Amino acid sequence: DQMEKSNAVSAHFPEILSELATEVKHGLAKTPKRLSSRFFYDDEGSRLFEEIMHLPEYYLTRSEYEILETHKDELLRVFSAGDRPFELIELGAGDGLKTKVLLGHFWSEKANFTYAPVDISRAAVDKLADDIRKKWPQMEIQPQHDDYFNAIERLSNRSPTRQDRPRLVVLFLGSNIGNFSPAEAADFFGKISQSLQPGDLVLTGFDLQKHPAVIHAAYNDRQGLTKAFNLNLLRRINRELEANFDLSAFDHYETYNPETGEARSYIVSQKEQTVLIGNLNQRVHFDYGEIIHTEISRKFTRAGIEQLAQQAGFKLSHWLTDCKHYFADVIFRK
Ligand code: AVI
């Protein structure tokens, strides 16, 4: 009842619309229609993505796992250089599957560090924190339920930084950076760079350009999990904005363009139809075959990565890849 009232209020006072409502209102009025992949990650979306990471076609996670496993010792040496304690801040931690490789190693080597996982899904961050407390009860962790940009904002607003504070090591794994436009990626590294001091580090996972068929398959799995993940956005809109998308009337489509390095995901309307977004009091018309563009997953070249580092005032200090050269974990040094 209380809920219904607040929904009714938000329908009449657009200035207090939720972020999702604002995105839907503007994104579905555009041509072509557009919704940001930022909104994929409600609890169900985060769960589906965890399943995607185990798919045979989704090589990204396995490649990065291999890199971290192979180089965990070197990473510890770099992070703790000069015997400085370090603070790991992981943006978009998810289930921490890959990070646990590092945490376990650092812990068994008695490294002097703390871990602050940040994720936009509360369920994901709570589960990760529980898991770590069970595995390593003495590890110092500060889980944060937040989005990347707020977390970076907080980083830069810290009280005047002392010379003797721990080294900050920002982790941004899993090619999350690929979901940003080129401008957003440059802005992201620029903001992080401004909040860091000389000697601080950023470790980022980049998916590399490779045979287009390998990339295409990763976003078109046979089980249809990627489709479910993409269409879950419509389910979320149905639930949170009282819309009536009929999920069976929409499909998933993905293209990879090797000239630009961009994989793009779309939702396709399989018939002409009109959808009602209840809370916005908005009707959205779809032609037969009309698309909503939902995601970009960019694939990088070494030259492109070097340019990102340089633009933001970083030095590329380590370049680590898996044996197939599918993926790179790269350290930028301030
Ligand atoms: C989270 N992100 C790096 C994934 C990707 O590969 O762009 C999200 C994803 N989209 C479809 N499958 C996985």
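In what follows, the structure referred to is the one given above.
Residues numbered from 1 in each chain as written. Predicted model: local features only at pLDDT ≥ 70, side-chain atom pairs only at ≥ 80, totals over all residues. Heavy atoms only, no water.

Engineer: I keep staring at the overall build of the chain and nothing clicks. Help me out?
Structural biologist: Counting secondary structure elements, the chain contains 11 helices and 13 strands. Overall, the C-alpha framework of the chain stretches about 65 × 50 × 40 Å when taken along its three principal axes. Put simply, the chain has 334 residues, and 53% of those count as buried. Of all intrachain contacts in the chain linking residues separated by at least 6 positions in sequence, the fraction that spans at least 24 positions is 72%. Element-wise, carbon and sulfur atoms account for 50% of the exposed surface of the chain, whose accessible area totals about 16000 Å². Side-chain charges of the chain comprise 41 positive and 49 negative groups, with the mean position of each set lying 3 Å from the other. (Helix = DSSP H or I, 4+ residues; strand = E, 2+ residues; numbered from the N terminus. Buried < 20%, exposed > 50% of the residue type's maximum accessible area, 1.4 Å probe, protein only. Contact = heavy atoms within 4.5 Å. Areas by Shrake-Rupley, 256 points an atom, 1.4 Å probe, with all protein chains shown as cover. Lys, Arg positive; Asp, Glu negative; His and termini not counted. Charge placed at Lys NZ, Arg CZ, Asp CG, Glu CD.)

Engineer: Help me out: how do you make sense of the site of the ligand in this one?
Structural biologist: Near the ligand you find Y41, F49, Y58, G174, S175, N176, N179, Y219, T226, F229, E295 and S297, and these make up its full shell. Taking N179, its side chain carries an N or O atom lying 2.9 Å from a nitrogen atom of the ligand. Between the ligand and the protein, one listed contact pairs an oxygen atom with a side-chain N or O atom of Y219 at 2.5 Å. Across the complex, the protein chains shield 98% of the 340 Å² of accessible surface that the ligand would expose by itself. Looking at the shell around the ligand, the elements that each hand over two or more residues are α10 (225–241) and β11 (291–298). Among the residues forming the shell around the ligand, the class breakdown is five nonpolar, six polar and one charged. (Near = heavy atom within 4 Å. Polar contact = N/O pair within 3.5 Å; in protein donor to acceptor, adjacent residues only side chain to side chain. Nonpolar A, V, L, I, M, F, W, Y, C, P; charged D, E, K, R; others polar.)

Engineer: Help me out: how do you make sense of the side chain of T61 in this one?
Structural biologist: With respect to the helices and strands, the residue T61 is situated in helix α4 (residues 59–79). Looking at T61, the relative accessible area reads 6%, which means it is buried.

Engineer: Can you walk me through α4 in this structure?
Structural biologist: The periodicity of an α-helix, 3.6 residues per turn, causes residues three or four positions apart to be oriented the same way. At H71, α4 is deflected by roughly 65°, the largest bend along its length. For α4, every residue scored as buried is listed here: Y59, L60, T61, S63, E64, I67, L68, H71, L75, L76, V78 and F79. (Bend = angle between axes of the 7 residues up to and from the residue.)

Engineer: Before we go on, may I ask you to explain the packing of α4 against helix α5 (residues 99–108) in this structure?
Structural biologist: The relative placement of two packed helices comes down to the angle between their axes together with the axis-to-axis distance. Close contact between α4 and α5 brings their axes to 9 Å; oriented N to C, the two are set at 40°. Considering their axes alone, α4 and α5 lie oblique with respect to each other. Our pair here, α4 against α5, has a crossing hand that is right-handed. Between α4 and α5, the residues in contact are Y65, L68, E69, K72, D73, L75, L76 and F79 and V101, L102, H105 and F106, respectively. (Axes fitted to C-alpha atoms, helices over the stretch in contact; angles between N-to-C directions. Parallel < 35°, antiparallel > 145°, perpendicular 65-115°, else oblique. Left-handed = near helix turned anticlockwise from the far one by under 90°.)

Engineer: What should I look at first to understand unusual backbone geometry in this one?
Structural biologist: The bulk of non-glycine residues show a negative phi, and the bulk of peptide bonds are trans. Look at the link from T31 to P32: it is a cis peptide, with omega at -10°. Topologically, P32 is positioned in the loop between α2 (19–27) and β1 (33–34). Of note, the phi angle at K110 is positive, near 60°, even though the residue is not glycine. Summarising the element assignment, K110 is placed in the loop between α5 and β3 (113–119). Of note in this structure, H325 is not a glycine but carries a positive phi near 60°.

Engineer: Would you explain the pairing of β3 in this entry?
Structural biologist: Looking down a regular strand, the side chains alternate between one sheet face and the other. In terms of burial, β3 is a largely internal element, seven of the seven residues being buried. What you see with β3 is no split at all: F113, Y115, P117 and D119 on one side and T114, A116 and V118 on the other are buried throughout. For the segment spanning strand β2 (residues 86–91), α5 and β3, crossover handedness is right-handed. Across two bridges, the pairing between β3 and strand β4 (residues 144–145) is parallel. Each bridged residue has a counterpart across the sheet, and for V118 the counterpart in β4 is Q144. (Right-handed = clockwise from strand over helix to strand, strands pointing away. Pairing = 2+ DSSP bridges.)

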